[in-house]
Amino acid sequence: MSVLVNKNSNIIVQGFTGGEGTFHATQMIEYGTNVVGGVTPGKGGQLHLEKPVFNTVQDAVDKVAADTSIIFVPPAFAADAIMEAAAAGIKVIICITEGIPVADMVKVKAYIATKDCRLVGPNCPGVITPEEAKVGIMPGFIFRKGSVGIVSKSGTLTYEAADQVVKQGYGITTAIGIGGDPIIGTTTKDAVELLMNDDETKCIVMIGEIGGQLEAEAAQWIKATGNKKPVVGFIAGQTAPKGRTMGHAGAIVGGKDDTAQAKMKILRENGIHVVDSPAKIGAKVAEVLG
């Protein structure tokens, strides 16, 4: 099993004919992902990358039964793109766009709460179920199918963790990059819960960073539900100065519980196997699965 995306997902690309959409859609198709078309308003009826282009997401849902969308739309228009996908009945919406205004995401969060869909991102690397579907910008060659799920705020650390897990002889069920913005769709806890409920996932790697309470909420949920599977945790930003945004818009130490050290302490208290360096993730996974 996998979570969110698999070989049966019917995937469309919003912003299909733009530079980013074209580049990453090409990579996704080459990986073997079931891309059934794309959306660029005003270009409906054309073919792009030998796939149909639609004017609206609703057209794509009606004509090619799209159920999953990946969004490469400029920040000013990305919130509307998310809500358009939700309104059309898309079940899994993955938004790669960085720099969406927080005020726009407040509206998006409220809107999608009324719809039967799941948003991953924005400002995320996407989701990959190895050897089935790559719906994102991650380097697919790093990933191999296996039994370890990954949840990460950081794109590059997602790839690093996957590479280490594979080199230890274990593969990945699904890797979910949730994004590092202040307001995102799927939280750390949401993603961990999906993997906890997946029979094939035997261990979870949870990568967080300074800022916010997402990792603490996930850790407390993991303990409250009985620590059903081993979780290996890492928190990035151990040397970050207080009050300065680091890389991600949400990665800012606002209080004493937002620091990497405080988060690592909370994770340990809730039974998570915390490593103090990303270089130790793979070895710790091997140890706990031993």
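Refer to the structure presented above.
Let me sum up the structure you'll find in this document. Here the residue index of a chain counts from 1 through its sequence in written order. In keeping with the predicted nature of the model, local features appear solely for residues at pLDDT of at least 70, side-chain atom pairs appear and are counted solely at 80 or more, and the whole-chain, interface and lining totals rest on all residues. Hydrogen atoms and water are omitted, and side-chain values are computed over all heavy atoms in the structure.

Section: the overall build of the protein chain
- Runs of E in the DSSP output that reach at least two residues are strands. Runs of H or I that reach at least four are helices, and both are numbered from the N terminus. Within the protein chain one finds nine helices and 14 strands.
- In terms of principal-axis extent, the alpha carbons of the protein chain reach across some 55 × 40 × 30 Å.
- Within the protein chain, buried positions represent 55% of all 290 residues.
- In what follows, residue pairs with any heavy atoms lying within 4.5 Å of each other are defined as contacts. Restricting to contacts in the protein chain with at least 6 residues of sequence separation, those with at least 24 account for 72%.
- Split by element, the accessible area of the protein chain, about 11700 Å² in all, is 53% carbon and sulfur.
- Neither His nor the chain ends is counted toward charge; the positive residues are Lys and Arg and the negative residues Asp and Glu. For charged residues, the charge sits on one atom: NZ in Lys, CZ in Arg, CG in Asp, CD in Glu. Computing the positive centroid from 27 side-chain charges and the negative centroid from 29, the protein chain places the two 5 Å apart. Between buried and exposed lies partly exposed: a residue is buried under 20% and exposed over 50% of the maximum accessible area for its type, with that area taken using a 1.4 Å probe on protein chains only. In short, Shrake-Rupley with a 1.4 Å probe defines the accessible areas, and a residue's cover is counted only from the protein chains shown.

Brief notes about helix α1 (residues 19–31)
- To estimate the expected span of a helix, subtract one from its residue number and multiply by 1.5 Å. In this model, α1 (13 residues) spans 19 Å end to end at C-alpha, consistent with the 18 Å of a helix rising 1.5 Å per residue.
- Restricting attention to buried positions, one finds in α1 the residues G21, H24, A25 and M28. The buried residues of α1 all sit within an arc of 105° when viewed along its axis, so they share a single face. Opposite the packed face of α1, turned more than 90 degrees from it, sit the exposed residues G19 and E30.
- Looking at the buried residues of α1, the elements they touch are β1 (11–14), β2 (35–39), β5 (68–71) and β9 (133–136). As used here, the arc is the angular range of directions from the helix axis to the C-beta atoms.

Here we look at helix α5 (residues 155–167)
- Compared with an ideal rise of 1.5 Å per residue, which puts 13 residues at 18 Å, α5 spans 19 Å between its outermost C-alpha atoms and is within 8% of the ideal.
- Buried within α5 we find G155, L157, T158, Y159, A161, A162, Q164 and V165.
- Residues of α5 that are buried in the fold lie against β10 (145–152), β11 (172–177), β12 (203–209), β13 (231–236) and α9 (281–289).

Some remarks on the nonpolar core
- Ranked by internal contacts, the top residues of the largest apolar core, which has 44 residues, are I70, I94 and I176.
- Per element, the largest residue contribution to this core is five residues, and it comes from helix α7 (residues 214–224).
- Of the domains in this structure, domain 1 (11–120) and domain 2 (142–289) are the two that each give at least three residues to this core.
- Of all hydrophobic cores here, the second largest spans 27 residues; its members include I12, A60, A78 and I90. Put simply, a nonpolar core is a bunch of buried Ala, Val, Leu, Ile, Met, Phe, Trp, Tyr and Cys residues held in one set by side-chain atoms that sit within 4.5 Å of each other. In this entry, domain limits derive from an automatic or database-based domain assignment.

Description of the sheet that holds strand β4 (residues 51–54)
- Pairing between strands requires that DSSP locate at least two bridges from one strand to the other. If you walk across this open sheet you meet the seven strands as β3-β4-β2-β1-β5-β6-β7, and the pairing is mixed. This sheet does not close on itself; its edge strands, each paired only once, are β3 (47–48) and β7 (118–120).
- Here four bridges tie β1 to β5, and the two strands are oriented parallel to one another. Along β5, the bridge assignment pairs I11 with T68.
- Strands β1, β2, β3, β4 and β5 of the sheet are contacted by α1, whose axis makes an angle of about 165° with β1. To obtain each axis, a line is fitted to C-alpha atoms, and for helices this fit is confined to the stretch in contact; angles are then taken between N-to-C directions over 0 to 180 degrees.

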